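Chain and residue survey
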Amino acid sequence: MKRLKTLFLAICLTSSLASQAQQAEWCKKLPRSAYSKLERVPIADPWFEVYEIRPRVFAIYEPHQLEEVISYLIIGDDRGLLFDTGMGISNIQAVVAGLSKLPVSVVNSHTHNDHVGDNWRFSDVYGMDTDFTRASARGSRADAQAELAPDEICGALPAGFDAKAYATKPFHITHWLHDGDKIDVGGRSLKVIGTPGHTPDAIALLDEKNGLLFTGDSFYLGPIYLYRPETDLDAYVASMQKLAALATHLQVLLPSHNTPAVDPSYLPKVVAAIQQVRRGEVKPVATDGKHEYVFDGFSFLMQ
Ligand SMILES: [Zn+2]
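What comes next concerns the included structure. Source: prediction; values computed, not measured.

Examining unusual backbone geometry
- Residue Pro-31 is bonded to the preceding Leu-30 through a cis peptide linkage, with omega at -5 degrees.
- Among the structural elements, Pro-31 can be located in the loop between α1 (2–28) and β1 (39–41).
- The backbone phi angle of Asn-258 is positive, close to 70 degrees, even though this residue is not glycine.
- Secondary-structure assignment places Asn-258 in the loop between β14 (252–255) and α7 (266–278).
- Located in the positive-phi region is Asp-288, a residue other than glycine, with phi close to 50 degrees.
- Topologically, Asp-288 is positioned in the loop between β15 (285–287) and β16 (290–294).
- By relative accessible area, which is 68% here, Asp-288 ends up exposed.

Quick look at the structure:
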């Protein structure tokens, strides 16, 4: 009996060690080497890291959660635009207040939970005029809770964070946006490019004068998620073609996950890649019960 118990203990210990090793896999690879070339801005909150990618353009990165989500603060002469509010695990509004004293409006790349987590803290929020956006603005709990699985957290959650109560809080949209709208922040204009596909309300933001394209979740280096019920693959291809047509006029891509400064030459490569996938020319690998189509620097994660 005792021996059995010992054996049982040994199995438990091994499997818990195994799951710890698994947990550490993505976490162990951090920091990503791309960050060493960027200008880091010191802030007080250890949950976030801030980098100034271009003058008055800040990446606000959350490296302690698997999504490695990146929100951007884009500052004009009159006000700031916050492109996404992150996980809502710590307080992005406090970070933003430390970077600029100007009033700040929120625009979302799309309304998945990991991009709208702190929307509720802001009084001026732009939203795409879609039913998907309206549904997301009502808040939700399941997606937020799933982000806290032990293998999705790297390091410590913020002191005082209440994991049991964690949910995406409802938020209020004060202005409705449409494809082609321009948002003027004073000396800087951001054009809204509708890029439905990942979600119906996905957008990219174009700062034409400075050659910046904020791509949201339509493109980043890493596995691009194209498996949820709200994803539309035909729309995604068309949206990527729209973005790829801009590539030669751009200096840098600023995506919403993993790394905040990427070469625009990836955009036409993504179009070629997704077309190859859709023609059935690429063999997928099995990843988490899904199909992953792997290319150089990025992949598509699909049903
Ligand atoms: Zn998303």
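Having seen the model, we can carry on.
Considerations on the coordination of the zinc ion
- With distances of 2.0 to 2.4 Å, the protein atoms coordinating the zinc ion are His-110 (NE2), His-112 (ND1), His-198 (NE2) and Asp-217 (OD).
- Between the four donor atoms coordinating the zinc ion, the angles at the centre fall across 81 to 171 degrees, so the site counts as irregular.
- Positions of the donor residues of the zinc ion, expressed as sequence spacing, correspond to H-x1-H-x85-H-x18-D.
- According to the relative accessible area criterion, His-112 is buried, its value standing at 9%.

Some words on the packing of aromatic side chains
- Tallying each qualifying case throughout the model produces 13 aromatic pairs.
- For the pair Phe-219 and Phe-298, a centre-to-centre distance of 6.2 Å together with 80 degrees between the ring planes defines the contact as edge-to-face. Highlighted residues: Phe-219 in the loop between β12 (212–216) and β13 (222–225) and Phe-298 in strand β17 (residues 298–302), separated in sequence by 79 residues.
- For Phe-298, a relative accessible area of 4% puts it in the buried group.
- Within the aromatic cluster, the residues linked to one another by ring pairs are Phe-219, Tyr-236, Tyr-266, Phe-295, Phe-298 and Phe-300.
- In this arrangement the basic side chain of Lys-169 is found over the ring face of Trp-120, its NZ or CZ atom lying 3.8 Å from the centre.
- A cation sits over an aromatic face here: Lys-290 above Tyr-227, 4.4 Å from the ring centre.

Observations regarding the environment of Asp-131
- By the secondary structure assignment, Asp-131 is in helix α4 (residues 131–136).
- A residue is classified by how much of its surface remains accessible, and Asp-131, at 62% relative accessible area, is exposed.
- Considered as a pair, Asp-131 and Pro-196 are 65 residues apart in the sequence and their alpha carbons are 13 Å apart.

Comments concerning empty space enclosed by the protein
- The final tally for this structure, using the stated rule, is one cavity of 30 Å³ or more.
- For the largest cavity, the calculated volume is near 30 Å³.
- Taken together, Asn-108, His-110, Thr-111, Tyr-126, Gly-127, Met-128, Thr-133 and Asp-201 form the lining of the largest cavity.
- If you tally residues by element for the lining of the largest cavity, the top one is strand β7 (residues 125–128), at three residues.
- By residue class, the composition of the lining of the largest cavity is two nonpolar, five polar and one charged.

A short note on the pairing of β7
- Side chains of β7 alternate between two faces, with Val-125 and Gly-127 and Tyr-126 and Met-128 buried alike.
- As paired elements, strand β6 (residues 104–107) and β7 share two bridges and run parallel to each other. Of the residues in β7, the one forming a bridge with Val-106 is Val-125.
- In the sheet, β7 pairs with strand β8 (residues 175–177) via three bridges, with the strands oriented parallel. Bridging across to β8, Met-128 finds its partner in Leu-177.

A word on the sheet that holds β1
- On the basis of which strands lie adjacent, the open sheet formed by eight strands has the order β1-β2-β3-β4-β5-β6-β7-β8 and mixed pairing. Pairing within the sheet leaves two strands with one partner each, and these edge strands are β1 and β8. Neighbour-to-neighbour, the strand axes of the sheet open up by a mean angle of 30 degrees, direction not taken into account.
- Looking at chain direction, strand β5 (residues 80–83) and β6 are connected through four bridges and run parallel.

Section: the sheet that holds β13
- Overall, mixed pairing links the four strands, which are arranged β13-β17-β16-β15 in an open sheet. Pairing within the sheet leaves two strands with one partner each, and these edge strands are β13 and β15. Averaged over neighbouring strand pairs, the angle between their axes works out to 35 degrees when direction is ignored.
- Where β13 meets β17, four bridges bridge the pair, whose relative direction is parallel. From the neighbouring strand, Tyr-225 faces β17, where its bridge partner is Leu-301.
- Across the sheet, α7 touches β16 and β17, and the angle it forms with β17 is around 40 degrees.

The rules behind these values
- Note that residues are indexed from 1 along each chain, following the sequence as it is written.
- It should be noted that, the model being predicted, local features are given only for residues of pLDDT at least 70 and side-chain atom pairs only at 80 or more, the latter also being counted only at that level, while totals for whole chains, interfaces and linings use all residues.
- Note that the side-chain values use all heavy atoms of the structure and ignore hydrogens as well as water.
- Secondary structure is summarised from DSSP: a helix means a run of H or I of at least four residues, a strand means a run of E of at least two, and numbering begins at the N terminus for each.
- A 1.4 Å probe rolled over the protein chains alone gives each residue an accessible area, and that area as a share of the maximum for its type sets the label: buried under 20%, exposed over 50%, partly exposed in between.
- The rule for donors is simple: an N, O or S atom within 2.8 Å of the metal counts, and for Na, K and Ca the reach is 3.2 Å. Water is not among the atoms, so a site may look short of donors.
- Under the classification used here, a metal with four donors is tetrahedral if each angle lies between 85 and 135 degrees, square planar if opposite donors are over 155 degrees apart and the others between 65 and 115, a six-donor metal meeting that same test is octahedral, and anything else is irregular.
- Put simply, two rings from Phe, Tyr or Trp (the six-membered ring, in Trp's case) pair if the centres are within 6.5 Å, and we call them stacked under 30 degrees between planes, edge-to-face over 60, tilted for the rest.
- Lysine NZ or arginine CZ positioned within 6 Å of the ring centre and within 35 degrees of the ring normal marks a charge as sitting over the ring.
- Residues are said to line a cavity or pocket when one of their atoms sits within 4 Å of a point; the points come from a 1 Å grid over protein atoms alone, cavities being sets where a 1.4 Å probe fits but cannot get out and pockets being open sets with protein on both sides within 12 Å along at least five of seven lines.
- Grid points are joined across faces, edges and corners, and a volume is the space filled by probe spheres set on the points.
- Here the nonpolar group is Ala, Val, Leu, Ile, Met, Phe, Trp, Tyr, Cys and Pro; Asp, Glu, Lys and Arg are the charged ones; every other residue, Gly included, is treated as polar.
- Between any two strands, pairing holds if DSSP finds at least two bridges.
- Angular values range over 0 to 180 degrees, each being the angle between N-to-C directions of two axes fitted as lines to C-alpha atoms, with helices fitted over their stretch in contact.
- By definition in these notes, contact holds between two residues if any of their heavy atoms fall within 4.5 Å.

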